Amino acid sequence: MSNVAVIGMQWGDEGKGKITDLLTPAFDIVARYQGGHNAGHTIYVDGRKVILHLIPSGVLHSGKLCLMGNGMVINPEAFLQEKKALEEIGIDIQDNILISPNAHLILPYHTEIESLREEQSDLKIGTTCRGIGPAYVDKADRLGIKVGDLLNPELLRTKIEHNVREKNVLLAHYGKEPLEAEPIVRQFSEYAEQLRPYIRDVSFFLDNAFREGRPVLYEGAQGALLDVDHGTYPFVTSSNSTAGGICSGLGIGPDKLDAVLGVCKAYTTRVGEGPFPTEAFDQWGEYLRDHGQEYGSTTGRPRRCGWLDAVQLAYACRLNGVKRIILTKPDVLDGLEEIKVCVDYTYKGETLPSFPMESWVLEKAEPRYRTVKGWGTGVAGQSAWDDLPQGFRDYVKLIEDLLEVKVAIISTGVGRRDTILMEDHLRGLVDLSRLDPAAA
Ligand code: GDP
Ligand code: IMO
Ligand code: MG
């Protein structure tokens, strides 16, 4: 029995949702440990598109438990909307979702303050404006309101009143009318009743699951380069999206993580502001956006696109202890005559030894590319290694050599069937007999 993580290796949107959904049958529990409804995880089942923001991507499989850990920030309205959308497609989450009482709540003032700051300040991050950052600020400031506080009406009222008084000072700074506490208290008292059935000690629940030998799949949101400590700060999200966040975000020990599978798109995308060394400003950026349908799953914004970056990925491997990569969307490169891969950066004429920590260096770092010949077509929709074009197999080998990893899964399209499992690299980690390769 192994407990395995699926996490993003770039700036998010690598295809974590598809991969988590695909691997779920081999696990009993799927757990998210950070972030909130800034995430947008897309899954196609029977040709139908489902986008999950808060609820773990295991939810489409019946009989699987989906946990939302203390490291997450929860907007109750977003949760209830997602629950309703799932019910509309015949998925009842009543008995299989657990939310940690230690997860923090996103309140209306968080969203409002973030939008005002993004509009008015000089430092625009390009956030999803979902109130994620301000909710984590309150958590660190010990002012945060936790999911568990919903179950204590007096405490809930006191905390909302206190917070509204403080936030009104900030709102006035942005030239806004003050908020009233009472409607928020009323609204959140209603949410309390709707969320009550799901609130449960996730850490304790997991401890029992581990004792029973039930395997757990940890699902990351965002990506390594959006991690608040290790990403391209300040152009990051406000949580630890790297594997380090798993233990703190679920209340488990490091011995409960056996391997990290790093999800990596065959090229690079980014939404929002911030440095992106391999961004393609020429026709190839647009080509990748068009062919990869690179538009945000949460905000619909066009994603910035560029070439694969081995310097950035080597850094992400180091941060996450990744030895196995899941390569997604190589089918988007089908038909290209040439494909570029960044192999190192130069800065002021010198080759940098690794991904630079300082944003002012990264902004000026110049990628040096290795250009490989395209493989023609033939990757899209494949489900067997032997059927892949030789040029693409060489591309996989190049990635393995540059990053000193193995490519354990190749995704060749949006559907569950469009997948190649490299069994030798998954054996012992994922119970392959529980996966159904014929599933739609
Ligand atoms: P996530 O946030 O990491 O779950 O990724 P998103 O869902 O935001 O974005 C990934 C997009 O790529 C989604 O629209 C997926 O349906 C799609 N996708 C995933 N894997 C593949 C693949 O192998 N090929 C193609 N063409 N699309 C894919
Ligand atoms: P998934 O899980 C891509 C980006 C935003 C912005 C920065 C901060 O779908 O991969 P935030 O709202 O988190 O404070 O925004 O992080 N961002 C994402 N980009 N995929 C995501 O999630 C993202 N979640 C946040 O665009 O640049
Ligand atoms: Mg996404």
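Bear in mind the structure is a predicted one, so any value in this text is a computation, not a measurement.

Rules of the game
- Residues numbered from 1 in each chain as written.
- Chains lettered and ligands numbered in written order.
- Predicted model: local features only at pLDDT ≥ 70, side-chain atom pairs only at ≥ 80, totals over all residues.
- Heavy atoms only, no water.
- Helix = DSSP H or I, 4+ residues; strand = E, 2+ residues; numbered from the N terminus.
- Near = heavy atom within 4 Å.
- Polar contact = N/O pair within 3.5 Å; in protein donor to acceptor, adjacent residues only side chain to side chain.
- Areas by Shrake-Rupley, 256 points an atom, 1.4 Å probe, with all protein chains shown as cover.
- Nonpolar A, V, L, I, M, F, W, Y, C, P; charged D, E, K, R; others polar.
- Domains from an automatic or database assignment.
- Buried area = accessible area lost by both parts, 1.4 Å probe.
- Salt bridge = Lys/Arg side-chain N within 4 Å of Asp/Glu carboxyl O.
- Buried < 20%, exposed > 50% of the residue type's maximum accessible area, 1.4 Å probe, protein only.
- Phe/Tyr/Trp six-rings, centres within 6.5 Å; stacked < 30°, edge-to-face > 60°.
- Lys NZ or Arg CZ within 6 Å of the ring centre and 35° of its normal.
- Core = buried A, V, L, I, M, F, W, Y, C linked by side-chain atoms within 4.5 Å.
- Contact = heavy atoms within 4.5 Å.

Enquirer: Explain the environment of proline 153 here, please?
Expert: Checked against the element boundaries, proline 153 lands in helix H5 (residues 153-173). Between the alpha carbons of proline 153 and phenylalanine 188 there is a distance of 9.4 Å; along the sequence they are 35 residues apart.

Enquirer: Honestly, the site of ligand 1 in this entry has me stumped. Any pointers?
Expert: As a matter of local geometry, ligand 1 sits amid 18 residues, with Lys16, Thr42, Ser297, Asp331 and Ser411 nearest to it. The contact in question runs from an oxygen atom of ligand 1 to an N or O atom on the backbone of glycine 15, over 2.8 Å. Between ligand 1 and the protein, one listed contact pairs an oxygen atom with a side-chain N or O atom of lysine 329 at 3.0 Å. Out of a free accessible area of 580 Å², ligand 1 has 92% covered by protein chains. Here the residues of the shell around ligand 1 are counted per class, giving 2 nonpolar, 9 polar and 7 charged. Lining the shell around ligand 1 are residues from two domains, each supplying at least three of them: domain 1 (4-99 + 199-256) and domain 3 (264-422).

Enquirer: I'm lost on the site of ligand 2 in this one. Help?
Expert: Neighbouring ligand 2 are 20 residues; Asp13, Lys16, His41, Thr128 and Thr237 lie closest to it. Residue aspartate 13 places a main-chain N or O atom 2.8 Å away from an oxygen atom belonging to ligand 2. For ligand 2, the protein covers 97% of the area, taking 550 Å² as the surface of the free molecule. Residue classes in the shell around ligand 2 are distributed as 7 nonpolar, 10 polar and 3 charged.

Enquirer: Looking at this structure, I do not really get the domain arrangement of the chain. What am I missing?
Expert: Taken domain by domain, the chain holds domain 1 (4-99 + 199-256), domain 2 (104-195) and domain 3 (264-422). Averaged C-alpha coordinates put domain 2 and domain 3 at centres separated by 38 Å. Surface buried jointly by domain 2 and domain 3 totals about 400 Å² across both partners, of which 48% is contributed by carbon and sulfur atoms. Of all residues in domain 2, Gly126, Thr128 and Arg130 give up the largest surface area on contact with domain 3, accounting jointly for 67% of the area buried on that side. At the junction of domain 2 and domain 3, the tally comes to 0 salt bridges.

Enquirer: How should I be thinking about the pattern of salt bridges in this particular structure?
Expert: Side chains that differ in sign of charge can pair as their charged atoms come close. Within the structure shown, the criterion is met by 24 salt bridges. Residues aspartate 138 and lysine 167 are paired through a salt bridge, measuring 2.9 Å at the closest nitrogen-oxygen approach. Taken together, the residues aspartate 138 in helix H4 (residues 132-140) and lysine 167 in helix H5 connect sequence positions 29 residues apart. Overall, the relative accessible area of 5% leaves aspartate 138 in the buried class. Look at lysine 167 and you get buried, because its relative accessible area is 8%. Ionic pairing is found between lysine 329 and glutamate 294, a salt bridge with its closest N-O pair at 2.9 Å. On the criterion of sequence distance, the pair formed by lysine 329 in the loop between strand E14 (324-328) and strand E15 (338-347) and glutamate 294 in the loop between helix H9 (283-292) and strand E12 (304-306) is long-range, its members being 35 residues apart. Overall, the relative accessible area of 0% leaves glutamate 294 in the buried class. Where salt bridges share partners, they join Asp13, Lys265, Glu294, Arg303 and Lys329 into one cluster.

Enquirer: Would you explain the packing of aromatic side chains in this entry?
Expert: What characterises a pair of aromatic rings is the spacing of the ring centres plus the angle enclosed by the ring planes. Summed over all chains, the structure comprises 9 aromatic pairs. Measuring from centroid to centroid gives 4.8 Å for tyrosine 315 and phenylalanine 355, while their planes differ by 15°, and the two rings are stacked. One end of the pair, tyrosine 315, is in helix H10 (residues 310-320); the other, phenylalanine 355, is in the loop between strand E16 (350-351) and helix H11 (359-364), and 40 residues separate them in sequence. Summarising the burial analysis for this pair, tyrosine 315 and phenylalanine 355 share the class buried. Put simply, the rings of Tyr315, Tyr345 and Phe355 touch in pairs and so form one group of aromatic residues. Lying across the ring of tyrosine 369, lysine 340 places its NZ or CZ 4.3 Å from the centre.

Enquirer: What am I meant to see in helix H1 (residues 16-23) here?
Expert: Each full turn of the α-helix corresponds to 3.6 residues, which orients residues three or four apart in the same direction. Of all the 8 residues making up H1, 8 are buried; the element is thus mostly covered by neighbouring parts of the structure. For H1, the set of buried residues is Lys16, Gly17, Lys18, Ile19, Thr20, Asp21, Leu22 and Leu23.

Enquirer: Sorry, what's going on with the nonpolar core here?
Expert: What tends to happen in soluble globular proteins is that the nonpolar side chains get buried as a cluster. Core analysis: the biggest nonpolar cluster contains 72 residues, and Leu67, Leu206, Tyr218, Leu250, Leu333, Phe392 and Tyr395 have the highest contact counts within it. The residues that make up this core include at least three from each of domain 1 (4-99 + 199-256) and domain 3 (264-422). Those residues within four positions of phenylalanine 392 in sequence are excluded, and the remaining contacts are Leu327, Pro330, Trp375, Val379 and Ile410. By size, the runner-up hydrophobic cluster in this structure holds 43 residues, among which are Leu52, Ile91, Ile113 and Tyr191.

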